[in-house]
Amino acid sequence: DARGFQARRIGDVYAVIQVVETFERISRMSSEDLFAWYQGLGFPKEKDMEVKELADLMKTITIWQALPVEELQKDCLKYKVSVDVELQCRNMEERRHRLTDKLLVRNRIEAWEARGYQAWRLGTPEAVVEVITQHAQIEQMSKEELLEWYKGCGFPEEQGLQSTEIADLFKKVALWSAFPLPEMQKECSLCGVTVPDEPGAVDDEEKHKLALVDKLLVHERMRAWDAQGLQASSIGDVDKIIRVIEQQEHIGKMDLPELLDWYRGLGLPEERHLGREELAALARLLPLWEVLPLELLEQQCKDKGLQPIQACADGEEQCRNALMQDLLLHERMKVWDDKGYQARRIGNSDSVMQAVERYEHFSHLDDAELETTYLAAGLPQGGGRAGSMRREDMLRNIKTVMIWELLPLKELLKECESHCLPSQTRQVGFGLATDDDKRNELIHRLKVDMRVSTVFTVPGQPKPIVGDRPDGADTMVRRRPVAHAEPLVPDPCPEEELGSSSPSVESMPPLEEEDDGTEGILPPGMAGDHIADADGGDLLDWYADGGPAPSSAADSRLIDDRGPEAGGGADEGATGLRGLEQCGPAEDRVLLLRFVAKLHELELTLDEVPDAEAAHAECEALLEEMGFAAPQRAALRAALVEFRARTSRDGELELEGGLLGSTAKKK
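First, a word on what this report is: a plain description of the structure on this page.

About the thresholds
Residues numbered from 1 in each chain as written. Predicted model: local features only at pLDDT ≥ 70, side-chain atom pairs only at ≥ 80, totals over all residues. Heavy atoms only, no water. Helix = DSSP H or I, 4+ residues; strand = E, 2+ residues; numbered from the N terminus. Buried < 20%, exposed > 50% of the residue type's maximum accessible area, 1.4 Å probe, protein only. Contact = heavy atoms within 4.5 Å. Areas by Shrake-Rupley, 256 points an atom, 1.4 Å probe, with all protein chains shown as cover. Axes fitted to C-alpha atoms, helices over the stretch in contact; angles between N-to-C directions. Parallel < 35°, antiparallel > 145°, perpendicular 65-115°, else oblique. Left-handed = near helix turned anticlockwise from the far one by under 90°. Nonpolar A, V, L, I, M, F, W, Y, C, P; charged D, E, K, R; others polar. Expected span 1.5 Å × (residues − 1). Phe/Tyr/Trp six-rings, centres within 6.5 Å; stacked < 30°, edge-to-face > 60°. Lys NZ or Arg CZ within 6 Å of the ring centre and 35° of its normal.

### Notes on the overall build of the protein chain
Piece 1. Regarding its fold elements, the protein chain presents 33 helices and 0 strands.
Piece 2. The 667 residues of the protein chain split such that 45% are buried.
Piece 3. Here the contacts in the protein chain between residues at least 6 apart in sequence split such that 65% fall between residues at least 24 apart.
Piece 4. Within the structure as shown, the protein chain displays about 34,400 Å² of accessible surface, and the carbon and sulfur contribution to it stands at 50%.

Shown next, in the form of structure tokens:
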């Protein structure tokens, strides 16, 4: 009894001995013998059924057969098996046999329920056995056989559809088909499937069950399509979803030339390195948008931050086409933004498309043509020497300037701040500067910063960034996340769209080195050692006048913007610079003149020189890059501090008369 043979309940020592001997034989049986015995009871072989489970079941049945009827009835009551019908048996042996069978069925139903066969809802062991048998057959089917059954249900073959997914669906259909009608209706209710009126005739009942199975099957596929992002439940029409899947499958089989032809037909610019997967993913969106309810399509636009369109007088189809166009451009704008075109900041899809088209044109030029175009646009040369720019650097500069010329004023202000440049613009007459004036000045300031960064960079070495200096000080010249400039864009976006017209890259005069080693931007007689001998007044007048005469209207615009005060004359600028000349001791005058000449070389104004006190490290870095030694840098910083203090006091005196008085004096 302690070893689990239930000897006290059996009560007969000879019966207990037979149980012990039977247990020993069961322990020696092979798995094949055990499964043969189990199937001999009328049960099918089940997946993942272990030998130990069969051996334990056989031992349990052996004990049931040895127990007296009274003890067997106690087990029936324990497992909630009815014993009333067994009172009609002719003798005790027949009653024991029937009670044992009922306990066995109860045991198997609980095991099947634990395996997910929903045995209690199926109602009978025969129904459960039928379902188990069908599931075993489904597991033996090949993928081709499963696909044939799936397409026979009216569904299209889908890319990525696994055989296990089809097999699971087939098993569910087998289970639903075995349910009694009440359980079938309950299943539909749980899944939210509409149940039609219950029929009366038996034949009608079978058709009714088939209709419910079909509804459950469609519901299951709609759930799966929802998980794939097809929004099947929102569309609600299985035929429309099937049509979308078929179109997407066709797109998935298109080769790259076919997809490129489709892409060009949309009016979008062709780009290098457009991949097949990228184009196919974009094309798969259109069939879905075509069947989505219009209100859901509008909601998608709102969710993506797109402005809702006004009610279309031409009908729903025109509204749908307009919404689809907005969504399509939004998808491309995300891609272009990732490719560095700053599409979100520009905000206008037409402008971005033209920028992409122009950049692709430049990228298709050979090296010689690209360099010729680059230099003709006046973009900076690496280290100040022609031919020292790499192809990728030239293309990067081209893209950067293109972006600057397309950015709205608000974003240009942010761009200047990110480059540590002043974002305030100079006033014009009466202070009424237009957005165009402000944009032109900010773009010019960014281009000057690009030229400074390029001139100060040694070819073949990376540009310095914050922390590159040994002393840990910030340097004026930083490596930008989006490197430099871009040009030759013939006003890519109409003025009415951008709200301004930016100067083209042609307004940037090139920095070319003369044969004597000085840059050609210096005036005759002012190069090299002649700077030290030049008269201070003449040199300052030359700086205030803007240097050599402009060679074109664009150059003239650039030089005008460089003046000390927009709208101010040469005399006013010279006076301000002569104030700088008076700062510091007399022996530093030649040093100050050299500093002024350096400013002209780099096309910088005094406003663009970092504050010697508030931005000490940046000012120190700029002076060092200009070639001044440590004692000279200290003297220049002291002169700049004194000069800024003087001009600040003068400005306060000028403003005492109020805004109108100050404006009138400037004019």
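After that view, the rundown keeps rolling.
### Here we look at the packing of helix α2 (residues 13–28) against helix α4 (residues 51–66)
Angle between the axes and distance between the axes are the two parameters that describe a pair of packed helices.
Piece 1. Closest axis-to-axis distance for the α2/α4 pair is 10 Å, and the angle between their directions is 165°. Judged by the angle between their axes, α2 and α4 are roughly antiparallel. The crossing of α2 and α4 is right-handed. On α4, the residues touching Val19, Thr22, Phe23, Ile26 and Ser27 of α2 are Ala55, Met58, Lys59, Thr62, Ile63 and Ala66.
Piece 2. Of the residues belonging to the contact of α2 with α4, the class tally is 7 nonpolar, 3 polar and 1 charged.

### Observations regarding helix α10 (residues 163–178)
Piece 1. Over its 16 residues, α10 extends 23 Å from the first C-alpha to the last, a length consistent with the 22 Å expected when each residue adds 1.5 Å.
Piece 2. Restricting attention to buried positions, one finds in α10 the residues Ile166, Ala167, Leu169, Phe170, Lys171, Val173, Ala174, Leu175 and Trp176.

### Some remarks on unusual backbone geometry
Piece 1. The phi dihedral of histidine 273 falls on the positive side, at around 65°, and the residue is not glycine.
Piece 2. Examined against the element boundaries, histidine 273 turns out to sit in the loop between α15 (256–265) and α16 (276–291).
Piece 3. On the basis of relative accessible area, histidine 273 is assigned to the exposed category, the value being 73%.

### Some details on the packing of helix α9 (residues 143–152) against α10
Piece 1. Running from amino to carboxyl end, α9 crosses α10 at an angle of 55°, the nearest separation of the two axes being 10 Å. It follows that α9 is oblique to α10 by the angle criterion. Read as a crossing pair, α9 and α10 show a hand that is left-handed. Of the residues in α10, those in contact with Lys143, Leu146, Leu147, Trp149 and Tyr150 of α9 are Ser163, Ile166, Ala167, Leu169, Phe170 and Val173.

### Let's talk about the packing of aromatic side chains
Piece 1. As enumerated under the stated definition, the model contains 7 aromatic pairs in all.
Piece 2. With a centroid separation of 5.9 Å and 85° between ring planes, the pair formed by phenylalanine 155 and tryptophan 225 is classed as edge-to-face. Linking phenylalanine 155 in the loop between α9 and α10 with tryptophan 225 in helix α12 (residues 202–227), this pair joins segments that are 70 residues apart in sequence.
Piece 3. Between tyrosine 341 and tyrosine 359 the ring centres are 5.9 Å apart and the planes differ by 80°, which places this aromatic pair in the edge-to-face class. Residue tyrosine 341 is found in the loop between α18 (316–338) and α19 (343–346), and its partner tyrosine 359 is found in helix α20 (residues 349–363); the two are separated by 18 residues along the sequence. Note on accessibility: tyrosine 341 and tyrosine 359 belong to one class, buried.
Piece 4. Taken together, the aromatic side chains of Tyr38, Phe43 and Trp112 make up a single cluster linked through ring pairs.
Piece 5. Directly above the ring of phenylalanine 35 sits lysine 45, whose terminal nitrogen or CZ lies 4.7 Å from the centroid.

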